[in-house]
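Secondary and tertiary structure notes
Here is how the chains run, residue by residue.
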Amino acid sequence: MERSEIIIGGDTAGIEWRVPVFRFKGSDSAAPSAYIQAALHANELPGTALLHFLLERLRTAEAEGAIRGDITVVPQANPIGLAQYHFGEMEGRFDLGSRTNFNRDFPLVALAGRDTLLEKLESRSAADRLKRTLLHTALGADLVLDLHCDDESLQYAYIDDAFWPEAADLASALDMEAVFLSDGESTAFEEAVGHAFKHQGGDKLKTVPGRLAVTVELRGRRDVYPDMARRDADGLWAFLAGRGVIADPAHEAKPYAGPAVPLDNIEMVKAPEPGTVLFHRDIGDEVKAGDVLATLIVRPGEPGGTLAVMAGHDGLIATRCSARHARRGDDLMKIACREATRRDRKPGTLED
């Protein structure tokens, strides 16, 4: 194993950011290569815990000669966000300097233009240099996994249509309870990788066999436990074994049995008024249209001071917010539905 560091100079004097990178050299040049990163949103740490335990297994596998394809692991991809605290709480998701999401504004380049990402780096902000360097590194692999988590959430993933259903093996290996089929039309890290894979130098490809770019949502932000992380590491190991990145004669593939729904089928349940949130339903619940999901206390102590929030469609509650006070328009839940929930969704991500 080779350990190196991506070094990002700060935007002010005396500051420098370091990103540890772990690389394993494969024994078979024909085997697929993999790039896995976690905590691009710095406050989303289930992936960091997973990769800690996966790296233990990979070091053992290397000693046993079981690494077939090149593997690059970045267990904590965003030291800039990791250091940004606001009133004692890590921000993690948005860069305090530029006010942009750390998982947005990745450059969209064709795979053939990969090296252009590193041009004139010295003139760019630290956050932009970090994004371009991570993307450049990832585009050297065939299989790219970006490990995130939601607020309170089932295990699920965002997977571009171009990689489905081939990517069902990942959903199965990680025991995902849902897959959201995305359109690949945003500037998030995973979709920037997918853009490069689909635009390898010519016309846009509808499918890209043998390639993968995916955002894995490892449950909720508080789901950071040793047994859970080890189990998820075992699942990721099973995926790598199934794809031939590592050799594991004991590996047995299993089919994915959960739902795979397009983003148009995701009902974003929002707070119609500000108030204290009393949830009646939890993640993993199946609901019917008209079921009461939550009560908002909008005028505490007053007669008629509550408001019921109801499901608009039948479906599976995939996520729920952890905050118990909502502003008007805040997201309360995501429900994976069996039918389209709206016709006016803009291409791209569900949230900022």
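The rules behind these values
- Residues numbered from 1 in each chain as written.
- Predicted model: local features only at pLDDT ≥ 70, side-chain atom pairs only at ≥ 80, totals over all residues.
- Heavy atoms only, no water.
- Helix = DSSP H or I, 4+ residues; strand = E, 2+ residues; numbered from the N terminus.
- Buried < 20%, exposed > 50% of the residue type's maximum accessible area, 1.4 Å probe, protein only.
- Contact = heavy atoms within 4.5 Å.
- Lys, Arg positive; Asp, Glu negative; His and termini not counted.
- Charge placed at Lys NZ, Arg CZ, Asp CG, Glu CD.
- Axes fitted to C-alpha atoms, helices over the stretch in contact; angles between N-to-C directions.
- Parallel < 35°, antiparallel > 145°, perpendicular 65-115°, else oblique.
- Left-handed = near helix turned anticlockwise from the far one by under 90°.
- Nonpolar A, V, L, I, M, F, W, Y, C, P; charged D, E, K, R; others polar.
- Core = buried A, V, L, I, M, F, W, Y, C linked by side-chain atoms within 4.5 Å.
- Pairing = 2+ DSSP bridges.
- Polar contact = N/O pair within 3.5 Å; in protein donor to acceptor, adjacent residues only side chain to side chain.
- Salt bridge = Lys/Arg side-chain N within 4 Å of Asp/Glu carboxyl O.

1. Structural notes on the overall build of the chain
- For the chain, the helix and strand inventory stands at 6 helices and 20 strands.
- Based on the C-alpha atoms only, the size of the chain along its principal axes is roughly 70 × 55 × 45 Å.
- Looking at the 352 residues of the chain, the share that counts as buried comes to 53%.
- A sequence separation of at least 24 residues applies to 71% of the contacts in the chain between residues at least 6 apart.
- Placing the 41 positive and 56 negative side-chain charges of the chain at their respective mean positions leaves the two points 2 Å apart.

2. Here's the deal with the packing of helix α1 (residues 46–63) against helix α6 (residues 226–242)
- Axis separation between α1 and α6 bottoms out at 8 Å; the angle between their running directions is 50°. Overall, the two elements α1 and α6 adopt an arrangement that is oblique. As α1 packs across α6, the resulting crossing turns out to be right-handed. Here Ala 49, Leu 50, Leu 51, Phe 53, Leu 54, Arg 57, Leu 58 and Ala 61 of α1 lie close against α6, whose contacting residues are Pro 226, Ala 229, Arg 230, Asp 232, Ala 233, Asp 234, Leu 236 and Trp 237.
- Of the residues that constitute the contact of α1 with α6, the class distribution is 12 nonpolar, no polar and 4 charged.

3. A few points about the nonpolar core
- By size, the foremost hydrophobic cluster in this structure holds 78 residues, and its most contacted members are Leu 58, Leu 170 and Phe 189.
- Sequence-distant contacts of Leu 58, that is, excluding residues within four places in its chain, are made with Phe 24, Ile 67, Ile 71, Val 73, Trp 237 and Ile 246.

4. Things to note about the sheet that holds strand β11 (residues 212–220)
- Read across the open sheet, the 9 strands follow the order β1-β2-β4-β3-β7-β11-β9-β10-β12; overall the sheet is mixed. Only two strands of the sheet have a single neighbouring strand rather than two, namely β1 (2–9) and β12 (260–262). Strand-to-strand twist in this sheet, taken as the mean axis angle between neighbours without regard to direction, amounts to 25°.
- Bridge count for strand β9 (residues 155–160) against β11 is 5 bridges, and the pairing is antiparallel. The partner of Tyr 156 across the bridge, within β11, is Glu 217.

5. Describing the sheet that holds strand β17 (residues 306–310)
- With respect to topology, 4 strands assemble into an open sheet ordered β17-β16-β14-β19, the strand pairing being antiparallel. Here the strands that pair on one side only, and so sit at the sheet edges, are β17 and β19 (325–326).
- When strand β14 (residues 275–279) meets strand β16 (residues 292–297), the two strands line up antiparallel, connected through 4 bridges. Counterpart to Thr 276 in the pairing with β16 is Ile 297.

6. Focus: the environment of Glu 91
- Here Glu 91 is to be found in the loop between β6 (89–90) and α3 (126–138).
- The exposure class of Glu 91 is partly exposed, given its relative accessible area of 25%.
- Each C-alpha atom, one on Glu 91 and one on Arg 324, is 18 Å from the other, the two residues being 233 residues apart in sequence.
- Aside from chain neighbours lying at most four places away, what touches Glu 91 is Asn 43, Gln 84 and Leu 96.

7. Side note on the side chain of His 148
- Within the secondary structure, His 148 is located in strand β7 (residues 143–150).
- You can call His 148 buried: its relative accessible area is 2%.
- Polar contacts involving the side chain of His 148 include one to the side chain of His 41, which spans 3.3 Å.
- Of the polar contacts made by the side chain of His 148, one reaches the side chain of Asp 146; its length is 2.8 Å.
- Contacts of His 148, omitting those with residues within four sequence positions, involve Leu 40, His 41, Glu 44, Asn 103, Thr 215, Val 216, Glu 217 and Leu 218.

8. Regarding the pattern of salt bridges
- Going through the model one piece at a time under the given rule, you end up with 32 salt bridges.
- The shortest N-O distance in the salt bridge between Asp 11 and Arg 129 comes to 3.2 Å. One end of the pair, Asp 11, is in the loop between β1 and β2 (16–24); the other, Arg 129, is in helix α3, and 118 residues separate them in sequence.
- For Arg 129, a relative accessible area of 13% puts it in the buried group.
- With a shortest N-O distance of 3.5 Å, Arg 132 and Asp 128 are connected by a salt bridge. A residue pair is termed a helical-turn pair when its members lie 3 or 4 positions apart in one helix, as Arg 132 and Asp 128 do in helix α3 at 4 residues.

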